[in-house]
Each structure stands twice: as structure tokens, then as C-alpha cells.
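# Breakdown of the fold
Each chain, written out:
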Amino acid sequence: MVMKKCPVCGVSVKLENLERHVKNQHPRAAVDVRSAISAEEAREIEAAKRPAGPVITAKGTRTIAIVAVGVAAIILIAIFNPFRGVGPSVGQMAPDFTLTTSSGGSITLSSYRGAAPVFLEFMDINCIYCIQEAENTLPALYSAYSASAQFISVEIKNVAASEVESFRSRYGTTWPYGMDTTGATSRAYGVDVTPYFFIIDRNGIVSAVFRGVPSGGYAAYANALNAVSG
Amino acid sequence: MAGERLSRGDLLLLVAVLAVFGIAVSGYLAWQWYASESASWCDLSSYLNCTKVRDSPWAAVAGIPTAFVGVGGFGILLAFAMLALRGTERIGQWSVDGGLLAFAIVGALTGLGLTFVEIFVIQAICILCVIGFALDLGILGIAWTLSGSVRTSPA
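Residues numbered from 1 in each chain as written. Chains lettered and ligands numbered in written order. Predicted model: local features only at pLDDT ≥ 70, side-chain atom pairs only at ≥ 80, totals over all residues.

### Re the pairing of strand S6 (residues 150-155) of chain A
When a strand is regular, its side chains alternate between the sheet's two faces. Residues and elements named next belong to chain A. Short version of the rule: The burial criterion counts other C-beta atoms lying within 10 Å of a residue's C-beta, which is placed from the backbone; the residue is buried at 20 or more, exposed at 12 or fewer, and partly exposed between these limits. Every helix listed is a DSSP run of H or I at least four residues long, and every strand listed is a run of E at least two residues long, numbered separately from the N terminus. Two strands pair under a simple rule: DSSP has to find at least two bridges between them. We call a crossover right-handed when, viewed with both strands directed away from the observer, the connection leading from the first strand over the helix to the second proceeds clockwise.
Judged by how many residues are buried, S6 sits mostly within the fold: six of six residues are covered. Neither face of S6 is open: one carries Gln150, Ile152 and Val154, the other Phe151, Ser153 and Glu155, and all of them are buried. Note: strand S5 (residues 118-123) against S6, six bridges, orientation parallel. Considered in S6, the bridge of valine 118 is made with glutamine 150. Across three bridges, S6 lies against strand S7 (residues 177-179) in parallel orientation. Among the inter-strand pairings, glutamate 155 is bridged to a residue of S7, identified as methionine 179. Note on the crossover from S6 through helix H6 (residues 161-171) to S7: the handedness is right-handed.

Here's what the structure looks like:
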């Protein structure tokens, strides 16, 4: 509690009460109380007038810190998901698979080893980005590279083969669509979103990976295919 | 002392911290809606899948991401908590604790509705949306406790 002497009567008064004291006790005194108060004292007066906030305890601070760390950990796990399946990286052997195709045939990845690079897409016919790629990019890419590379799409959801066939005819994506009805192939490639692309060279080694639609669009696919088609 | 209850200040600070996390989560979801071309980073499986929820018609209204509702709602809750922490008890005729409780209830009801939409309409769960809903429920519980302590505290 800071006290200050009244400039009129000399009585010690609480700093925050000084102005009121002069006004009430010496109404005719021509004294500018504010000029007698320093800036630091003015701040103290403001602080004293402000309503006191509730008390934060040490125990509360510890509890809040623990809660904050826990919530932050949950959010980071949800966003970055360290338990996500890990697929092959660039330079690693692409896991082999044999799948029934939507047209009733069968396709085995390793059968292209030594023969042609593979453009492998994991997709879902109900995924908006897969539809956009099928509509805007992949048919043109297929026209340009079908002579030098094998195109394979894999439907990762357990949908009817007839629906995939409708999708193929609607968008003119005429290459084979494998049906990953058990999810085993998607897991082997660590597919957690669609579309997910792997460019595999003729030795079965992963040459490029695109998780989602690449920002470079057609050029990104074309560059990756050029790198393995030579 | 063991078993000692948290003070009013502790509870208000906890509301503020939870609201900040709520703003961060909602902000991330809004950014996802605008910025991401395809894959979301919070896809844990085909059912726990933020991308599927984000790509649904429920993710935005008139081109504005639904997640902005969360940013605004948690922002209001944070403002109430900060006001109360500064010692403000009333805004006009409304008590700050009452406002905090009212907005926490509105937020929890909104979160409950959107969670039902995820489960029964979209049939996929956005785990970050659920975390946002859980944060709101936590704030609602604290706001309820705060309003109860005011009602029952001696004059």
C-alpha cells in the first residue's frame, strides 16, 4: 500500500485515494493532483482500481500443463499419425501382388518385371480427386505413355466390379483395374489416402511416389515416367 | 494438499487453454478445406478419415468451411475466459460465467449435431472434428462447474 502526503493539508493518504481526498476535503484548493503524481504512481493507481482477477494456484498450473501436453499429444498423433502403414519408398522393391480385375481377369505386378515400367494408382471410384484425375489427366497420360509403360489402377474399397467397369467406361480409363477387396495390397503399399501413385521401373524398383495429386499435375507424372521409360 | 479442488482462476485458465486448442484444431481443418489438393494428414483409416468428411457437402456452407464455426465459437469462449480472468464479472446485464456456459452449450450442441452427421450421413469420422467436440464438452463441464460454484457460493 503506497501512501502519499496531501499537497494541501500534508496528511498521508492512500495513493489511489489522493485525488478523491483533495476533491472532497479541499474543494476550493487550486491544486492539480495529477501533476503531483508520477507516471509510475499513476500506473499503481490504475492497478489498484482494476478488479482483482481470480487466483491461479500452483496445483492448477501443474494440472493445466499436464492437460495441455496430453491434448497436444492427441492432436499431433491424429494429424501426423505415426501408426500409419509404411509403404515402399523410392529405391525399394515394389511389393508384388496378384489381383482379380474389374473385368474378371487377373493381374500380377511381377509379370511386368524386366518388360515395362508400371504406373500404379491406388484409388477409389467415389473419391473426388480420383474422379478429377480420371477425368482430366490420366487418359491423356495413358495416350502418351501406354506404349512404354503398363498402367494399373487398384480400387482399394470393396465396391462391386460392375461399378468400377462403369467408372472405366465413363472416363475412358481403359487399363486394368485390380480389385483389392481384402485391403492387403493397399496395406503393403501403406496407402492411407487416395489417389496414391507409385512409378515402378522395369526392375520392380519404386522410382517415384505421389501421395495424393501431385502439385505439378500431368508434368509430374510425365517426368516420373520419362525417368523410367528410357 | 491432496484432494484440494482447483480454484476458479485455475478453471478459467483451463477453459482458455482448451479454447486455444479448439481454435488450433478448427483452424487446421479450415486450412485443410482451402489448401489441400487431396490427402488430409489425419486419415487414420477408411472410417476415421478427415478427407472423406472434408470432401462431403457438409464441410462447407456457401463456400465457407464449417470449421470456421469452430474457430469463431472457440474464440468467443476464449474471450469470455480471458475477461473472467481479468476480473470482469458482467458485460452489461449479462454475467460472464453465464455467457461462457451459454456459448459452451451452443458449441456442444453444434458439435453433437455434426458428429451425428458424420456417423449417420457421411459414414466417416473426422478424428480432429471429434477432438474439437471433446474440447467443447470439456469446456462445457468446466463452465457448468463455474456457474454452479457461483450460484452456491456464500454472498
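### Topic: the interface of chain A and chain B
Our working definition: With C-beta atoms placed from the backbone, a contact is any residue pair whose C-beta atoms sit within 7 Å. Just so you know the grouping, Ala, Val, Leu, Ile, Met, Phe, Trp, Tyr, Cys and Pro go in nonpolar, Asp, Glu, Lys and Arg go in charged, and all remaining residues, Gly too, go in polar.
The interface of chain A with chain B comprises 31 residues on the first partner and 29 residues on the second. Of all the secondary-structure elements, those providing two or more residues to the side of chain A that touches chain B are helix H3 (58-80) and helix H4 (128-136) of chain A. Considering each element in turn, the side of chain A that touches chain B owes the most residues, twelve residues, to H3 of chain A. Residues of the side of chain A that touches chain B, tallied by class, amount to 19 nonpolar, seven polar and five charged.

### Some points on the environment of lysine 23 of chain A
Among the secondary structure elements, lysine 23 of chain A is positioned in helix H1 (residues 18-25). Overall, the presence of 12 C-beta atoms within 10 Å leaves lysine 23 of chain A in the exposed class.

### Some points on the sheet that holds S6 of chain A
Residues and elements named next belong to chain A. Stated precisely, the cut-off is as follows: To obtain an axis, a line is fitted to C-alpha atoms, over the contacting stretch when the element is a helix, and the angle between two such axes runs from 0 to 180 degrees between their N-to-C directions.
If you walk across this open sheet you meet the five strands as S7-S6-S5-S8-S9, and the pairing is mixed. The open sheet has two edge strands with one neighbour each: S7 and strand S9 (206-211). Strand after strand, the sheet turns through a mean of 20 degrees between neighbouring axes, direction not considered. The strands touched by helix H8 (residues 218-229) are S5, strand S8 (196-200) and S9; relative to S9, the strand with the most contacts, the crossing angle is about 170 degrees.

### Here's the deal with unusual backbone geometry
Residues and elements named next belong to chain B. Phi is positive for alanine 62, which is not a glycine, with a value near 55 degrees. By secondary structure assignment, the location of alanine 62 is in the loop between strand S1 (60-61) and strand S2 (64-65). Owing to 4 C-beta atoms within 10 Å, alanine 62 belongs among the exposed residues under this scheme. Although it is not a glycine, glutamine 123 adopts a positive phi angle of roughly 60 degrees. Its location among the elements puts glutamine 123 in the loop between helix H4 (96-122) and helix H5 (127-152).

### Digging into the nonpolar core
Rules: Buried Ala, Val, Leu, Ile, Met, Phe, Trp, Tyr and Cys residues form a nonpolar core when they are connected through C-beta atoms within 7 Å.
Among the nonpolar cores identified, the biggest contains 47 residues, and Val15, Leu77, Leu100, Leu128, Ile139 and Ala143 of chain B are the most heavily contacted of them. Counting only elements with at least two residues in this core, the list comes to H3 of chain A together with helix H1 (8-35), helix H2 (50-54), helix H3 (67-85), H4 and H5 of chain B. Apart from residues no more than four positions distant in its own chain, leucine 100 of chain B is found in contact with Val15, Leu77, Phe80, Ala81, Ala84, Ala143 and Leu146 of chain B. Within the second largest apolar cluster, 38 residues are counted, among which are Ile125, Phe167, Tyr189 and Tyr196 of chain A.

### Description of the confidence of the model for chain B
Keep this limit in mind: For every residue, the predictor assigns a confidence score, pLDDT, that lies between 0 and 100.
Overall, the predicted model of chain B reaches an average pLDDT of 84, with 85% of residues at or above 70. H3 of chain B holds the highest mean pLDDT among the elements of chain B, 94, whereas H2 of chain B holds the lowest, 75.

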